Amino acid sequence: MIKLWRWYQRCLTVHPVKTQVISSGFLWGFGDVTAQYITHSTAKPPPLLRLSDKDKEADKDAEFKVNWKRVAITSMFGLGFVGPVGHFWYEGLDKFIKLKLRYVPKSTRFVAAKVAMDGLIFGPIDLLVFFTYMGYATGKNTSEVKEGLKRDFLPALALEGGAWPLLQIANFRYVPVQYQLLYVNIFCLIDSAFLSWVDQQKDAAWKQWFTASFLTLKERGGTGGV
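Novice: Could you give an account of the packing of aromatic side chains, with specific residues and numbers?
Specialist: Aromatic rings in a pair are described by how distant their centres are and how their planes are angled relative to each other. A complete count under the given rule lists 15 aromatic pairs for this structure. On the numbers, 5.4 Å between centres and 40° between planes, the contact of Trp 5 with Tyr 179 is tilted. On the criterion of sequence distance, the pair formed by Trp 5 in helix H1 (residues 2–14) and Tyr 179 in the loop between helix H6 (142–174) and helix H7 (180–200) is long-range, its members being 174 residues apart. Each member of the aromatic cluster is reached from another via a ring pair, and the members are Trp 28, Phe 77, Phe 81, Trp 89, Tyr 90, Phe 122, Phe 130, Phe 131, Tyr 133 and Phe 172.

As structure tokens, then:
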């Protein structure tokens, strides 16, 4: 493990962008395999309810098989977007807050500014690009992609908005800037599994609840402003 870590450090020093691109592609692909397995497992009824021979035969037919095409598509998102864009985003964000805002590194204002900008700018863009890309890459037309965004974007943004700020506080406060991308990539393994799972949930009831709640709040806001 120590040798692997030292090898990664050397790669990151010599080829920072290439290293982040490759590691992001691998982690997002692995995350999609995890999401497929979770989706498959949760779709199966509990063992106690599968008593008949017919159910057992159905179990054999429904054995978990990795959709490698989907893994490749998701991995390409890590390679083509998360890796390069994430690298320049976190490097640029650190320089902007140090040089333009002149906040003291690791201070409360420094960390708060980073977390806020990451959550308000990069977070929504990342989700928008992910769901748009996954829609077109899996063969959907423009109207289907728009419907998918309406269905998936708000639930994912709400759920991620509760987790990523906490993770990023620790990242920006305690992790040296040269390893912040590694930190993010490690949690991107979980994030990629989560986003892939969200995308595979289609019109799940919990998604409809999020969307309906948002529309209700929006209508109330519009009525209150009249």
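Novice: Requested: an account of H1, with residues and values cited.
Specialist: Here H1 contains 13 residues, and its C-alpha end-to-end distance of 18 Å stays within 8% of the 18 Å for a straight helix at 1.5 Å per residue. Of the residues making up H1, those classed as buried are Tyr 8, Cys 11 and Leu 12. Take H1 and look down its axis: the buried residues cluster within an arc of 100°, on one side only. H1 presents Ile 2, Lys 3, Arg 6, Arg 10, Thr 13 and Val 14 as exposed residues on the side facing more than 90 degrees away from its buried surface.

Novice: I'd like to hear about the nonpolar core, residue by residue, with values.
Specialist: Of all hydrophobic cores here, the largest spans 31 residues; its most connected members are Trp 28, Tyr 90, Phe 130, Phe 131 and Leu 195. The set of elements that each furnish at least two residues to this core consists of helix H4 (68–99), helix H5 (108–137), H6 and H7. Per-element tally for this core: the top contributor is H5, with 9 residues. Those residues in contact with Leu 195 that sit more than four places away from it in its chain are Trp 28, Leu 127, Phe 130, Phe 131, Ala 156 and Glu 160.

Novice: Help me get a handle on H5, residues and values and all.
Specialist: The terminal C-alpha atoms of H5 lie 41 Å apart, and with 30 residues this matches the ideal 44 Å at 1.5 Å per residue to within 8%. By the largest-angle criterion, Gly 119 marks the main kink of H5, which is about 35°. Just beyond H5, the residue with positive phi is Gly 139, at close to 95°.

The rules behind the values
Residues numbered from 1 in each chain as written. Predicted model: local features only at pLDDT ≥ 70, side-chain atom pairs only at ≥ 80, totals over all residues. Heavy atoms only, no water. Phe/Tyr/Trp six-rings, centres within 6.5 Å; stacked < 30°, edge-to-face > 60°. Helix = DSSP H or I, 4+ residues; strand = E, 2+ residues; numbered from the N terminus. Expected span 1.5 Å × (residues − 1). Buried < 20%, exposed > 50% of the residue type's maximum accessible area, 1.4 Å probe, protein only. Arc of directions from axis to C-beta. Core = buried A, V, L, I, M, F, W, Y, C linked by side-chain atoms within 4.5 Å. Contact = heavy atoms within 4.5 Å. Bend = angle between axes of the 7 residues up to and from the residue.

Read these as spatial facts, not as claims about activity.
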